[in-house]
Amino acid sequence: MAKFRGVEIVKEVRKALDRGQAQFVTTTQSKLSAGSPVDTGRLASSWFVGKDNPDRSTTPERDEPGAVTIEKYPGKITFDGDWWVSNNLKYAERAAYDPGYVGRVGGGAGDWFSVVINNLNKDADRIFQRELKKVK
């Protein structure tokens, strides 16, 4: 006779969803940072993760190029709630949507933001399918 593992499976699925959500959010943050036009590195370093509301933080102004560091979300990213990856610099929207924005060393910004946004569904599918396949 087979033992019903319903409760255990539900717990495993919840853990898989938490892992998937954490990977999806941090991957998106990393892609936005990596694609950001770089002059001083401030834009790339100002992508922050917030739960239920956007994080309104920004990195300090810079006159010279600096290291691009991604600040990780301080808590645990789980499948519950609404997760935001936001950038609150006054020129972030222009850098994201204006293909003629010159901020990247060596030329314009191109369509880096659209590429990241247009691939969100594909990224989510890949990440969550991989995590849910681990549920036995």
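Each value, and the rule that gives it
- Residues numbered from 1 in each chain as written.
- Predicted model: local features only at pLDDT ≥ 70, side-chain atom pairs only at ≥ 80, totals over all residues.
- Heavy atoms only, no water.
- Helix = DSSP H or I, 4+ residues; strand = E, 2+ residues; numbered from the N terminus.
- Rg over C-alpha atoms; globule rule 2.2 N^0.38 Å.
- Buried < 20%, exposed > 50% of the residue type's maximum accessible area, 1.4 Å probe, protein only.
- Areas by Shrake-Rupley, 256 points an atom, 1.4 Å probe, with all protein chains shown as cover.
- Polar contact = N/O pair within 3.5 Å; in protein donor to acceptor, adjacent residues only side chain to side chain.
- Contact = heavy atoms within 4.5 Å.

**Let's talk about the overall build of the protein chain**
- On a plain count of helices and strands, the protein chain comes out with 5 helices and 4 strands.
- If you list the helices and strands of the protein chain from N to C, you get α-α-β-β-α-β-β-α-α.
- Expected size for 136 residues packed as a compact globule is a radius of gyration near 14 Å; at 18 Å, the protein chain overshoots this value by more than 25%.
- The principal-axis extent of the C-alpha atoms belonging to the protein chain is close to 70 × 25 × 25 Å.
- The buried share of the protein chain, taken over its 136 residues, is 34%.
- Summed over its atoms, the accessible surface of the protein chain is roughly 8,800 Å², and 54% of this surface lies on carbon and sulfur atoms.

**Thoughts on the side chain of N87**
- Here N87 lies in the loop between β2 (83-86) and α3 (92-97).
- Only 2.9 Å separates the side chain of N87 from the backbone oxygen of L43, close enough to count as a polar contact.
- Polar contacts involving the side chain of N87 include one to the main-chain carbonyl oxygen of S46, which spans 3.5 Å.
- Each residue touching N87, except ones within four places of it in the same chain, is listed here: L43, S46, W47 and A92.

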